[in-house]
Amino acid sequence: MLVFWKARLVMLAVPKTGTSAYAKALAPHAGMVVNDPPELKHAPVYRFNRFFRPMFEKMGAEEMDVMAVIREPISWLGSWYRYRQRPFLDGKRVSTKDLSFDAFVDAYCRGDRPPFANIGDQSKFVEPRPNGTEVTHFFRYEDQGRIVSFLEERLGVEIDLPRENVSPRRDLTLSPEIEAKLRRKCAAEFALWEGIGSE
């Protein structure tokens, strides 16, 4: 998570949406960079609301804009699948080394997900809170130009994005049956991504 105090902007680190590259490029311009623990680095809206918002309000920032990047759901799942195939996870319950992408996505669609598919949901990550705390600026991961333009204008800096945390390439073709199941069971994920404008 990046906090740009003077610009009154918080960039949430939605996992697998390229936020590591933004953190590396923008850390020198941020008032606060939350790298650890992962539960705070990747603080969803509810955790931001509980821990960070009250602190910012006490420091005089009653209105902080919150931005989040959302990735197309199949691509997002593919990034998790590839990430969890890395050798350092071999033999661990979260490894996807010996799984097909279909098997991974099928497990993700279950109500009780096994450890390797227990990765959360983008829609839950950005779910608004009852007190009105919510994401004020949504961006599609696939529209990097729009994200960069917004940040450059808001922060008054030029951004040169490095490639960070890139997972190995794998075949991410889903069978029609599994894709249909995913779209049915996880409709909120697709609705969120499809609802983000490109203006």
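Conventions and cut-offs
- Residues numbered from 1 in each chain as written.
- Predicted model: local features only at pLDDT ≥ 70, side-chain atom pairs only at ≥ 80, totals over all residues.
- Heavy atoms only, no water.
- Buried < 20%, exposed > 50% of the residue type's maximum accessible area, 1.4 Å probe, protein only.
- Helix = DSSP H or I, 4+ residues; strand = E, 2+ residues; numbered from the N terminus.
- Arc of directions from axis to C-beta.
- Axes fitted to C-alpha atoms, helices over the stretch in contact; angles between N-to-C directions.
- Parallel < 35°, antiparallel > 145°, perpendicular 65-115°, else oblique.
- Contact = heavy atoms within 4.5 Å.
- Nonpolar A, V, L, I, M, F, W, Y, C, P; charged D, E, K, R; others polar.
- Core = buried A, V, L, I, M, F, W, Y, C linked by side-chain atoms within 4.5 Å.
- Pairing = 2+ DSSP bridges.
- Phe/Tyr/Trp six-rings, centres within 6.5 Å; stacked < 30°, edge-to-face > 60°.
- Lys NZ or Arg CZ within 6 Å of the ring centre and 35° of its normal.

## A word on helix 9 (residues 187–194)
Then, in step 1: Inspection of helix 9 places Glu189, Phe190, Leu192 and Trp193 among the buried residues, and these make up the whole buried set. Within helix 9, the buried residues cover an arc of 160 degrees as seen down the axis, which keeps them to one side.

## A few points about the packing of helix 8 (residues 176–185) against helix 9
Then, in step 1: As a packed pair, helix 8 and helix 9 sit with axes 4 Å apart at the nearest point and diverge in direction by 80 degrees. Taken together, helix 8 and helix 9 sit at an angle that is classed as roughly perpendicular. Every residue of helix 9 that contacts helix 8 at Leu182, Arg183, Arg184 and Lys185 is listed here: Ala187, Phe190 and Glu194.
Then, in step 2: Per-class residue counts for the contact of helix 8 with helix 9 are three nonpolar, no polar and four charged.

## A few points about the nonpolar core
Then, in step 1: Counting residues in hydrophobic clusters, the biggest one holds 22 residues, and the most contacted among them are Met1, Val10, Leu12, Phe48, Phe56 and Val126.
Then, in step 2: Here this core gets four residues from one element, more than from any other, and that element is helix 3 (residues 45–58).
Then, in step 3: Residues within four places of Leu12 in sequence aside, it is in contact with Met1, Thr19, Ala43, Val45, Phe48, Val66, Met67, Phe125 and Val135.
Then, in step 4: Leu26, Met67, Ile147 and Leu151 belong to the second largest nonpolar core, which has 20 residues in total.

## Some details on the sheet that holds strand 3 (residues 32–33)
Then, in step 1: Taken in spatial order, the five strands line up as 3-1-2-4-5 in an open sheet, and their pairing is mixed. Both outer strands of the open sheet, strand 3 and strand 5 (137–140), are each paired with one neighbouring strand and no more.
Then, in step 2: Across the face of the sheet, helix 7 (residues 144–155) comes into contact with strand 1 (2–4), strand 2 (9–11), strand 4 (65–70) and strand 5 while running at roughly 145 degrees to strand 5.

## A word on the packing of aromatic side chains
Then, in step 1: Applying the stated criterion across every chain, the model contains 13 aromatic pairs.
Then, in step 2: A ring pair is formed by Trp5 and Phe56, whose centres lie 5.8 Å apart and whose planes are at 65 degrees; its orientation type is edge-to-face. You can see Trp5 sitting in the loop between strand 1 and strand 2 and its partner Phe56 sitting in helix 3, a full 51 residues away along the chain.
Then, in step 3: Ring geometry for Tyr83 against Phe88: centres 6.1 Å apart, planes inclined by 70 degrees, an arrangement best described as edge-to-face.
Then, in step 4: Exposure remark for Tyr83: the relative accessible area of 22% places this residue in the partly exposed category.
Then, in step 5: Overall, Phe88 belongs to the partly exposed group, its relative accessible area being 48%.
Then, in step 6: Here the basic side chain of Arg71 rests over the ring of Tyr141, its NZ or CZ set 4.1 Å away from the ring centre.
Then, in step 7: Its guanidinium or amino end placed over the ring of Tyr108, Arg113 lies 3.8 Å from that ring's centre, counting from NZ or CZ.

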